[in-house]
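Residue-level listing of the chains:
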Amino acid sequence: IVSKQNKTISIIVPFFNEQGTIKEVILSLISQNFINEIILVNDGSTDNSLNIAKTFTNEFKNIQLISTDKNYGKGHAINSGIKLANTELIGIFDADLEYSATDLKNIYNYIQSKDYDFVCGSRFLGKMSRKNIYIRTYLANQFLSRLFSITYKNKITDVATCLKVFKTNLIKEVILTENGFAIEIELLAKCIKKSSKFLEVPITYNGRTYEEGKKIKFIDGIRYIYAIFKYR
């Protein structure tokens, strides 16, 4: 029987040089009434992102900040946040405004009411509002998702999604080693091995250009492929 009491949740926000978006992202998360804790993880930013983040940690007791002097990568940042979280659920939310806090709440509601072990947002399910800037990125993600699905014998439509919520006891069971963007593959691969109680739900997407700060590159796609087979 699923408890009627809401599960507590921490949202991890990894960021590197996101001074143009980090404030709006944090405000969007603060406006959501279901989030118990926000864990900001500065991954060696060289712009004003860290100072912006500090203004929030000074004002809000439920916002924590982890900071490194060096840019280790998104995987390292997420892992640092996971270790700090003490709530029943852990969500991951990017600091680039490509994803919506409203969709995050929808994912939380699914994992809360249906008792899934993890729920991921998909940019390929349903007919939500989506702005895909680069057709090559769109096609590459579809290819990677199909490759992952075949390799792991579980259908995943959006393997590179950056919007996920996990039960803490599940995600803390797995040992994560990826420092870069391939953390997305490692998270899915290792959690699918431990639990079949997962779901993908449609989300919106507002892709940005490389000029606006998009960071994932062609080489990361190659690392995704390597990680798919590495963790099988």
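Owing to the predicted nature of the structure, the values given are computational and were not obtained by experimental measurement.

Regarding the overall build of the protein
Thought 1: Within the protein, the regular secondary structure consists of 8 helices and 9 strands.
Thought 2: Summarising its shape, the C-alpha atoms of the protein cover approximately 50 × 45 × 35 Å along the three principal directions.
Thought 3: Out of the 232 residues belonging to the protein, those deemed buried represent 53%.
Thought 4: Total accessible area on the protein is roughly 11,300 Å²; 53% of this is exposed by carbon and sulfur atoms.

Some thoughts on helix α5 (residues 135–152)
Residues spaced three or four apart along an α-helix face the same direction, because each turn holds 3.6 residues.
Thought 1: For α5, with 18 residues, the first-to-last C-alpha span of 26 Å sits near the 26 Å given by 1.5 Å per residue.
Thought 2: Buried within α5 are the following residues: Asn-141, Leu-144, Ser-145, Leu-147, Phe-148, Ser-149, Thr-151 and Tyr-152.
Thought 3: Looking at the buried residues of α5, the elements they touch are α7 (183–194) and α8 (218–230).
Thought 4: Lys-153 lies just past α5 and shows a positive phi near 55°.

Observations regarding the packing of aromatic side chains
Thought 1: Under the defined criterion, the tally for this structure stands at 7 aromatic pairs.
Thought 2: Joined through ring pairs, the aromatic side chains of Phe-118, Phe-166 and Phe-198 make up one cluster.
Thought 3: Seen from the ring of Tyr-205, Arg-123 lies directly overhead, with NZ or CZ sitting 4.8 Å from the centre.
Thought 4: We note Arg-232 situated over the ring of Tyr-152; from NZ or CZ to the ring centre the distance is 5.6 Å.

Here we look at a nonpolar patch on the surface
Thought 1: Together, Phe-218, Ile-219 and Ile-222 give the surface a local cluster of nonpolar side chains, amounting to about 330 Å² of exposed area.
Thought 2: Following the sequence through the fold, Ile-219 ends up in helix α8.

Observations regarding helix α4 (residues 101–114)
Thought 1: For α4, built from 14 residues, the straight-helix expectation of 20 Å at 1.5 Å per residue is met to within 8% by its first-to-last C-alpha distance of 20 Å.
Thought 2: Within α4, the full set of buried residues consists of Ala-101, Asp-103, Leu-104, Ile-107, Tyr-108, Ile-111 and Gln-112.
Thought 3: Looking at the packing, one finds that the buried side of α4 touches β1 (9–15), α1 (22–30), β4 (89–92), β5 (118–122), β7 (164–167) and β8 (198–202).
Thought 4: You can read the cap of α4 off the contacts: a side-chain oxygen lies 3.0 Å from the backbone nitrogen of Thr-102, and it is on Ser-100.

Things to note about the sheet that holds β1
Strand pairing within a sheet occurs via backbone hydrogen bonds; the two strands may be parallel or antiparallel.
Thought 1: Here we have 7 strands laid out as an open sheet, ordered β3-β2-β1-β4-β7-β5-β8, and mixed in their pairing. Edge positions in the open sheet fall to β3 (63–68) and β8, since each of these has one partner strand only. Taking each pair of neighbouring strands and ignoring which way they run, the sheet shows an average axis angle of 20°.
Thought 2: Alignment of β1 against strand β2 (residues 37–43), held across 6 bridges, turns out to be parallel. Following the sheet pairing, Phe-15 is matched in β2 by Asn-42.
Thought 3: Sitting on the sheet, helix α2 (residues 49–59) is in contact with β1, β2 and β3, with an inclination near 150° to β3.

Reading the values: rules and limits
Residues numbered from 1 in each chain as written. Predicted model: local features only at pLDDT ≥ 70, side-chain atom pairs only at ≥ 80, totals over all residues. Heavy atoms only, no water. Helix = DSSP H or I, 4+ residues; strand = E, 2+ residues; numbered from the N terminus. Buried < 20%, exposed > 50% of the residue type's maximum accessible area, 1.4 Å probe, protein only. Areas by Shrake-Rupley, 256 points an atom, 1.4 Å probe, with all protein chains shown as cover. Expected span 1.5 Å × (residues − 1). Contact = heavy atoms within 4.5 Å. Phe/Tyr/Trp six-rings, centres within 6.5 Å; stacked < 30°, edge-to-face > 60°. Lys NZ or Arg CZ within 6 Å of the ring centre and 35° of its normal. Patch = residues over 30% accessible without salt bridge, like charges linked within 9 Å, V, L, I, M, F, W, Y side chains within 5 Å. Salt bridge = Lys/Arg side-chain N within 4 Å of Asp/Glu carboxyl O. Polar contact = N/O pair within 3.5 Å; in protein donor to acceptor, adjacent residues only side chain to side chain. Pairing = 2+ DSSP bridges. Axes fitted to C-alpha atoms, helices over the stretch in contact; angles between N-to-C directions.

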